[in-house]
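Remarks on the overall topology
The chain contents come next:
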There are 2 protein chains.
Amino acid sequence: MNDKNAAKPQQNHSITAIDEFDRRILARYQHDTRHIAQRIGEEVGLSAAAVQRRLKRMRESGIIERETATLDAHTLGYPVTCLVGIDLLEERNEQIKAFKQAMLKQAQVQQCYYVTGEYDFILTVVCRDLQDYERFTQEAIMTEPNVRSFTTWVVMDKVKVGTALPLAPDQTPPR
Amino acid sequence: MNDKNAAKPQQNHSITAIDEFDRRILARYQHDTRHIAQRIGEEVGLSAAAVQRRLKRMRESGIIERETATLDAHTLGYPVTCLVGIDLLEERNEQIKAFKQAMLKQAQVQQCYYVTGEYDFILTVVCRDLQDYERFTQEAIMTEPNVRSFTTWVVMDKVKVGTALPLAPDQTPPR
DNA sequence: TGTGAAAAGGCTACACG
DNA sequence: CGTGTAGCCTTTTCACA
């Protein structure tokens with residue numbers, strides 16, 4: 001049992017049961033996966049083994065989707081981040097699907113949302129400089145036959161990043 | 001009572017030196033922090049100990065900023081994600097700073113970018129439903145005295161999430 | 001679920017190239 | 001100077017109550 005990169009054909013939404021302990025575990029673990037089970041256990045009032053069991057179960061059930069490291073984009077050569085709003089010519093299923101596939105293949109595209117409203121897609125793109133961004137738009141965006149227009153917002157400050165969910169319905173003290 | 005992660009007295013942003021081994025380690029580790037050092041070592045041609053040392057060094061130097069878990073927002077009660085473009089009335093330093101602080105306090109705000117162009121800020125917000133989003137806008141956005149207007153894009157599909165950087169897999173001649 | 005033992009992985013000291 | 005090896009320590013996992 002190794003990589004299960006295969007598509008998940010089903011999502012056990014209804015079967016997945018989360019209790020208050022799980023929430024309190026996740027509230028800590030999502031911020032720092034190196035936060036060890038023993039300490040989480042002390043904080044939530046459970047043994048380390050119980051915390052491990054719950055983490056394992058939540059990984060298998062898909063509640064924990066992945067565990068990743070956030071790197072310093074600046075030091076690694078990508079000091080510039082741009083958000084891009086894209087308007088397509090035709091919003092037919094084929095076209096949408098094709099554009100999604102194209103974005104998945106672009107390594108510089110960090111995020112890609114298919115949205116309602118003024119634009120069809122909104123991207124987050126990292127680049128080495130603005131010249132690199134221009135090259136990206138020419139090679140990845142403007143070559144897409146279905147793009148009507150796009151708008152760029154250059155990020156001046158990443159005020160908040162990450163995806164920590166609000167899991168704190170309460171800070172009920174144990175005991 | 002062991003050595004805790006003491007505060008980092010210095011951050012060598014500019015002096016940090018990364019070689020090809022580090023890049024190849026990060027290329028794997030950033031996608032999956034449970035990818036153990038021994039296997040990384042086999043893949044990049046280093047011993048497990050060397051991989052550990054390099055990971056530790058990169059944590060301390062700040063190249064690895066944090067290690068987090070991405071959770072299933074849908075199952076955890078936040079099935080709706082909205083992107084929000086915000087236009088401020090005054091772009092003075094005080095106002096900008098105040099708005100940033102306000103967004104940092106909002107747990108539902110996953111991401112917040114201060115950008116150039118058509119908007120001043122672009123947010124990613126998770127919510128329980130559209131009614132919850134409306135409440136959010138009323139309580140978190142419209143109460144901010146400096147907001148001129150805002151636009152909402154509702155996410156229909158998270159085509160791509162996460163922040164994995166393009167780390168030249170094997171071919172990065174010093175350029 | 002908690003407990004305690006076994007297994008696995010991470011961390012460090014030391015010698016080598 | 002960084003690596004590999006070996007050994008220790010921590011963390012996770014498993015069997016059982």
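Heads up: the structure comes first, above all this text.
Quick caveat, the model's predicted, so the values are computed rather than measured. (Residues numbered from 1 in each chain as written. Chains lettered and ligands numbered in written order. Predicted model: local features only at pLDDT ≥ 70, side-chain atom pairs only at ≥ 80, totals over all residues. Heavy atoms only, no water.)

1. Comments concerning the overall build of chain A
- Across its full length, chain A holds five helices and five strands.
- Written out in order from the N terminus, the α and β elements of chain A read α-α-α-β-β-α-β-β-α-β.
- Within chain A, the proportion of its 175 residues that are buried is 45%.
- The contacts of chain A with a sequence gap of at least 6 include a subset with a gap of at least 24, amounting to 67%.
- About 9,800 Å² of surface is accessible on chain A, with carbon and sulfur atoms providing 48% of the total. (Helix = DSSP H or I, 4+ residues; strand = E, 2+ residues; numbered from the N terminus. Buried < 20%, exposed > 50% of the residue type's maximum accessible area, 1.4 Å probe, protein only. Contact = heavy atoms within 4.5 Å. Areas by Shrake-Rupley, 256 points an atom, 1.4 Å probe, with all protein chains shown as cover.)

2. Re the relation of the copies chain B and chain A
- Mapping chain B onto chain A is achieved by rotating through 180° and translating by 0.0 Å along the same axis, at an RMSD of 0.0 Å. Such a turn and shift between the copies fits a two-fold axis. Of every C-alpha in chain B, the one belonging to T68(B) sits nearest the axis of rotation, 2.9 Å from it.
- Both copies present the same face, since 97% of the interface residues in chain B are matched by interface residues at the equivalent positions in chain A. (Least-squares fit on C-alpha atoms with pLDDT ≥ 70 in both.)

3. So, the protein's contact with DNA strand D
- Inspection of the region around DNA strand D gives 14 residues, with I36(A), Q52(A), S47(B), R53(B) and R54(B) positioned closest.
- Within 4 Å of the protein, atoms of DNA strand D come from sugar and phosphate in 71% of cases.
- In this structure, A37(A) approaches DNA strand D through a main-chain N or O atom, which is 3.4 Å from a phosphate oxygen.
- The contact in question runs from a phosphate oxygen of DNA strand D to an N or O atom on the side chain of K56(A), over 3.5 Å.
- Listing elements by their share of the surface near DNA strand D, those giving two or more residues are α2 (37–44) and α3 (48–61) of chain A together with α3 (48–61) of chain B.
- In terms of residue count, α3(B) provides more of the surface near DNA strand D than any other element does, four residues in total.
- Residue composition of the surface near DNA strand D, by class: six nonpolar, four polar and four charged. (Near = heavy atom within 4 Å. Polar contact = N/O pair within 3.5 Å; in protein donor to acceptor, adjacent residues only side chain to side chain. Nonpolar A, V, L, I, M, F, W, Y, C, P; charged D, E, K, R; others polar.)

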